[in-house]
Amino acid sequence: PEQGLARHPRLRDPPSARLLPILPLAPAAASAGSVGLSAGAGPAAPAWDAPPFRGLLTLPTVRGLRAAQGGEPAGLVLLQQAADEAEILTIAVRPGFRRLGIARGLLADAIRAVATSGAARLLLEVASDNAPALALYAGAGFETVGCRTRYYRRPAGPPADALIMALPLSPP
């Protein structure tokens, strides 16, 4: 597992996140269903099925990390890195495991993984109305660097803007 990587100075793991192992996500085990995600998982959640996850994880620039408790999937993060820039493609936690620090643990390990791999900056996109995610990312040191107006289409209600956030990374 990707344990023991350099700690990012702005992000500490909450006690509950340290209890769950964060492991590499293999293509064979990769699916949105493996963490209980669906089109209704959140206000901006896309419908991710197993083929897109597996396809992404076969790319040499993409890697995934997963959290599990007692063999039960709890959450995942997918990352893509090209040269010195990395991006969080998606991060998700199953509804029954939310508010336990799992997203923070996944984010901390994602930051450590890309920093150790030579990334100088980590990017992500988040819906402007996703208050829990915005608080998580701001607490980790991400800052808004751009906006895609009306990017996330919703079945009901107006589209939400996608905020582009960035975190500068120090060399390990």
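Predicted model only: the values in this text are computed from it and were never measured.

Caption draft 1: Molecular detail of the overall build of the protein chain. A count of helices and strands for the protein chain gives 4 helices and 7 strands. If you list the helices and strands of the protein chain from N to C, you get α-β-α-β-β-β-α-β-α-β-β. Considering the protein chain as a whole, with its 172 residues, one finds that 42% of them fall into the buried category. As displayed, the protein chain has an accessible area near 8,700 Å², and 56% of this comes from carbon and sulfur atoms.

Caption draft 2: Inspection of the nonpolar core at higher detail. By size, the foremost hydrophobic cluster in this structure holds 30 residues, and its most contacted members are Leu-107, Leu-122, Tyr-137 and Phe-142. Where this core is concerned, the elements lending two or more residues are β2 (62–69), β3 (72–82), β4 (85–93), α3 (102–116), β5 (121–127), α4 (131–139) and β7 (160–168). In terms of residue count, the dominant contributor to this core is α3 (7 residues). Among the nonpolar cores identified, the runner-up in size contains 6 residues, and Leu-57, Val-62, Leu-76 and Leu-78 belong to it.

Caption draft 3: Quick peek at the pattern of salt bridges. Taken as a whole and assessed by the stated rule, the structure comprises 5 salt bridges. The shortest N-O distance in the salt bridge between Arg-112 and Asp-109 comes to 2.1 Å. You can see Arg-112 and its partner Asp-109 sitting in helix α3, 3 residues apart, about one turn around the helix. Exposure class is identical for Arg-112 and Asp-109. Each is buried. Note that Asp-129 is salt-bridged to Arg-154, the shortest N-O span being 2.8 Å. With a gap of 25 residues between them, Asp-129 in the loop between β5 and α4 and Arg-154 in the loop between β6 (143–152) and β7 connect regions that are remote in the sequence. Note on Arg-154: relative accessible area 16%, which makes it buried.

Quick notes on the rules
- Residues numbered from 1 in each chain as written.
- Predicted model: local features only at pLDDT ≥ 70, side-chain atom pairs only at ≥ 80, totals over all residues.
- Heavy atoms only, no water.
- Helix = DSSP H or I, 4+ residues; strand = E, 2+ residues; numbered from the N terminus.
- Buried < 20%, exposed > 50% of the residue type's maximum accessible area, 1.4 Å probe, protein only.
- Areas by Shrake-Rupley, 256 points an atom, 1.4 Å probe, with all protein chains shown as cover.
- Core = buried A, V, L, I, M, F, W, Y, C linked by side-chain atoms within 4.5 Å.
- Salt bridge = Lys/Arg side-chain N within 4 Å of Asp/Glu carboxyl O.

Note that all results are geometric; they support no functional claim without further evidence.
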